Amino acid sequence: VNLCNKYLAQPNYQAHRDDIQDLKSTCENRIINKQIYIFDNYLSQGKLASAKTRLDSFKEEFAACNSELEPQVLLLECKLARAEKRLDDVKNLCASLQEKYPHSAFTKMAQGQFKASA
């Protein structure tokens, strides 16, 4: 990602700009998916404090600079709240997702978390 950023920062480099942008996006998506995979593993192992720490760092590192990740972050928060048996928070997070992102796949997944909690 850093190499891609260095290349894209050079205005004289135009030949492979689209390819480098695609490569950068692919790398970022893989990093994000790996972070979510680790979060899910922590949840499945019952390591809730580690999952919370991973979620906080994910929000700080990725979601802060990419607003498209907000529905996914809300889903992860919903999963954590369900694992911690905070049913009111699960309900509120689902409602927030439904209000802000009614057509998102993450909204449907969060509703599944809420139904499983109820």
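Residues numbered from 1 in each chain as written. Predicted model: local features only at pLDDT ≥ 70, side-chain atom pairs only at ≥ 80, totals over all residues. Heavy atoms only, no water.

Colleague: It is not clear to me how unusual backbone geometry should be interpreted in this structure. Could you clarify?
Modeller: Trans is the common state for peptide bonds, and a negative phi is the common state for residues other than glycine. The backbone of Lys 85 shows a phi angle near 60°, a positive value even though the residue is not glycine. Mapped onto the elements, Lys 85 comes out in the loop between helix H4 (70–83) and helix H5 (87–100). (Helix = DSSP H or I, 4+ residues; strand = E, 2+ residues; numbered from the N terminus.)

Colleague: Help me out: how do you make sense of the nonpolar core in this one?
Modeller: Nonpolar side chains tend to gather and get buried jointly when the protein is soluble and globular. Counting 13 residues, the largest nonpolar core has Ile 32, Phe 39, Phe 58, Leu 69, Leu 76 and Leu 80 as the members making the most contacts within it. Per-element tally for this core: the top contributor is helix H2 (residues 17–44), with 4 residues. Not counting the four nearest positions on each side in its chain, Phe 39 is found in contact with Ala 51, Arg 54, Leu 55, Leu 76, Lys 79 and Leu 80. Counting residues in hydrophobic clusters, the runner-up holds 9 residues, among them Leu 74, Val 90, Leu 93 and Leu 97. (Core = buried A, V, L, I, M, F, W, Y, C linked by side-chain atoms within 4.5 Å. Buried < 20%, exposed > 50% of the residue type's maximum accessible area, 1.4 Å probe, protein only. Contact = heavy atoms within 4.5 Å.)

Colleague: Sorry if this is basic, but what is going on with the packing of H2 against H4 here?
Modeller: How two helices pack is summed up by the angle between their axes together with the distance between the axes. As a packed pair, H2 and H4 sit with axes 11 Å apart at the nearest point and diverge in direction by 10°. When the axis of H2 is compared with that of H4, the two are roughly parallel. Seen from H2, the contacting residues are Ile 36, Phe 39, Asp 40 and Leu 43; seen from H4, they are Gln 72, Leu 76, Lys 79, Leu 80 and Ala 83. Split by residue class, the contact of H2 with H4 holds 6 nonpolar, 1 polar and 2 charged. (Axes fitted to C-alpha atoms, helices over the stretch in contact; angles between N-to-C directions. Parallel < 35°, antiparallel > 145°, perpendicular 65-115°, else oblique. Nonpolar A, V, L, I, M, F, W, Y, C, P; charged D, E, K, R; others polar.)

Colleague: How do you make sense of the state of the cysteines when you look at a structure like this?
Modeller: For the coordinates displayed, the defined rule picks out 0 disulfides. Its sulfur unpaired, Cys 4 is 5.7 Å from the next cysteine sulfur, which belongs to Cys 27. (Disulfide = S-S within 2.5 Å.)

Colleague: Could you clarify how one ought to interpret the pattern of salt bridges in this entry?
Modeller: Applying the stated rule across the entire model yields 6 salt bridges. Here Lys 52 and Asp 56 are joined by a salt bridge, their closest N and O atoms 3.3 Å apart. Of the two residues, Lys 52 and Asp 56 are both situated in helix H3 (residues 48–61); the distance of 4 residues between them amounts to about one turn of the helix. Across the salt bridge formed by Glu 84 and Arg 86, the nearest N and O atoms sit 2.7 Å from each other. For Glu 84, a relative accessible area of 30% translates into the label partly exposed. Beyond isolated ion pairs, a larger network of salt bridges with shared partners links Glu 84, Arg 86 and Asp 89. (Salt bridge = Lys/Arg side-chain N within 4 Å of Asp/Glu carboxyl O.)

Colleague: What is the right way to read the packing of helix H1 (residues 2–9) against H2 from this model?
Modeller: Their axes nearest at 9 Å, the elements H1 and H2 cross at an angle of 150°. Put simply, H1 runs roughly antiparallel to H2. Of the two possible hands of crossing, H1 and H2 adopt the one that is left-handed. For the pair H1 and H2, the contacting residues are Cys 4, Asn 5, Tyr 7 and Leu 8 in the first and Arg 17, Ile 20, Gln 21, Leu 23 and Lys 24 in the second. Grouping the amino acids of the contact of H1 with H2 by side-chain chemistry returns 5 nonpolar, 2 polar and 2 charged. (Left-handed = near helix turned anticlockwise from the far one by under 90°.)

Colleague: Help me out: how do you make sense of the packing of aromatic side chains in this one?
Modeller: The way to describe two aromatic rings as a pair is by their centre distance and the angle between their planes. Counting across every chain of the model gives 2 aromatic pairs. Where Phe 58 meets Phe 62, the ring centres are 5.5 Å apart and the plane angle is 40°; that geometry is what we call tilted. The same class applies to Phe 58 and to Phe 62, which are both buried. (Phe/Tyr/Trp six-rings, centres within 6.5 Å; stacked < 30°, edge-to-face > 60°.)

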